[in-house]
Amino acid sequence: VIAPFQFWDRFRYRNRNLHRLMGVIFVIASVVALLTALVIAYVVPYSGRGEFIFVCFVAVPFLYFLFRAVYFIKKKNRLEHRRNMMRVVAIGLSVVTQRTVYTNIDLFFPNSEPRNMFLMITILAFFVNLGGLELYLRFSRNSKLARNQK
């Protein structure tokens, strides 16, 4: 819910203090949600231990990009802060992508084993979201700005 406001340039520039407060809330909520996801995946793994292993695998880049974003904003590097926050949101939205695809999987694969499909779709959603964002960052206007800053 917070992310669209955070990436909206006009809102961010007109409400700098609110942007910062929402950013702090986002970071805290993200860490709490990640820890909750780890516990749930360990205690009640829907698709076996592979799910817990994958959640651990996703937690590493999620936390890495989250803490890089905090680091860069403290160094006043807004462009890298924004790029890393976009990565965090892309990883978080991979759960939404997975749920959207998984709930409709019976339409395309009516005889499939749901638990096997769950892990496969989760992995695919992670790589599609993060890969799509990385392509956007590489070829967008922000990429040109980043190259000019160096």
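Heads up: the structure comes first, above all this text.
All values reported here derive from a predicted model rather than from experimental measurement.

Procedures and definitions
Residues numbered from 1 in each chain as written. Predicted model: local features only at pLDDT ≥ 70, side-chain atom pairs only at ≥ 80, totals over all residues. Heavy atoms only, no water. Axes fitted to C-alpha atoms, helices over the stretch in contact; angles between N-to-C directions. Helix = DSSP H or I, 4+ residues; strand = E, 2+ residues; numbered from the N terminus. Parallel < 35°, antiparallel > 145°, perpendicular 65-115°, else oblique. Left-handed = near helix turned anticlockwise from the far one by under 90°. Contact = heavy atoms within 4.5 Å. Buried < 20%, exposed > 50% of the residue type's maximum accessible area, 1.4 Å probe, protein only. Nonpolar A, V, L, I, M, F, W, Y, C, P; charged D, E, K, R; others polar. Core = buried A, V, L, I, M, F, W, Y, C linked by side-chain atoms within 4.5 Å. Patch = residues over 30% accessible without salt bridge, like charges linked within 9 Å, V, L, I, M, F, W, Y side chains within 5 Å. Areas by Shrake-Rupley, 256 points an atom, 1.4 Å probe, with all protein chains shown as cover. Salt bridge = Lys/Arg side-chain N within 4 Å of Asp/Glu carboxyl O.

A. Quick peek at the packing of helix α3 (residues 16-43) against helix α4 (residues 49-74). Two numbers describe how α3 lies on α4: the axes approach to 9 Å, and their chain directions differ by 165°. Relative to α4, the element α3 lies roughly antiparallel. Remark: the crossing between α3 and α4 carries left-handed chirality. Between α3 and α4, the contacting residues are Phe26, Val27, Ser30, Val31, Leu34, Ala37, Leu38, Ala41 and Tyr42 on the first element and Arg49, Phe52, Val55, Cys56, Ala59, Phe62, Leu63, Leu66 and Val70 on the second.

B. Summary view of unusual backbone geometry. You will see that lysine 76, though not glycine, has its phi angle at about 65°, which is positive. Mapping lysine 76 onto the fold places it in the loop between α4 and α5 (78-103). A relative accessible area of 66% places lysine 76 in the exposed class.

C. How the structure looks around the environment of isoleucine 123. Along the polypeptide, isoleucine 123 turns up in helix α7 (residues 114-139). Separated by 72 residues in the primary sequence, isoleucine 123 and glutamate 51 have C-alpha atoms spaced 9.5 Å apart.

D. Focus on the packing of α4 against α5. Look at α4 against α5: their axes get within 8 Å of each other, and the N-to-C directions meet at 155°. In terms of their interaxial angle, α4 and α5 are classed as roughly antiparallel. Handedness of the crossing formed by α4 with α5: left-handed. Only Arg78, Glu80, His81, Asn84, Met85, Arg87, Val88, Ile91 and Gly92 of α5 make contact with α4, whose side of the interface consists of Val58, Pro61, Phe62, Phe65, Leu66, Arg68, Ala69, Val70, Phe72 and Ile73. Residue composition of the contact of α4 with α5, by class: 12 nonpolar, 3 polar and 4 charged.

E. Looking closely at the nonpolar core. Phe26, Phe62, Leu66, Val88, Ile91, Phe126 and Leu130 are the most contacted members of the largest nonpolar core, which totals 22 residues. Of all the secondary-structure elements, those providing two or more residues to this core are α3, α4, α5 and α7. Here this core takes 7 residues from α4, the largest share from any one element. Those residues in contact with isoleucine 91 that lie beyond four places of it in its chain are Val58, Pro61, Phe62, Phe65, Phe126 and Leu130. Ranked by size, the runner-up nonpolar core spans 5 residues in total, among them Tyr102, Ile105, Met117 and Ile121.

F. Molecular detail of a nonpolar patch on the surface. The grouping of Val39, Ile40, Tyr42, Val43 and Val44 at the surface amounts to a nonpolar patch, some 500 Å² of accessible area in total. Tracing the chain through its elements places valine 39 in helix α3.

Everything listed here is a matter of coordinates, which is why it stays silent on function.
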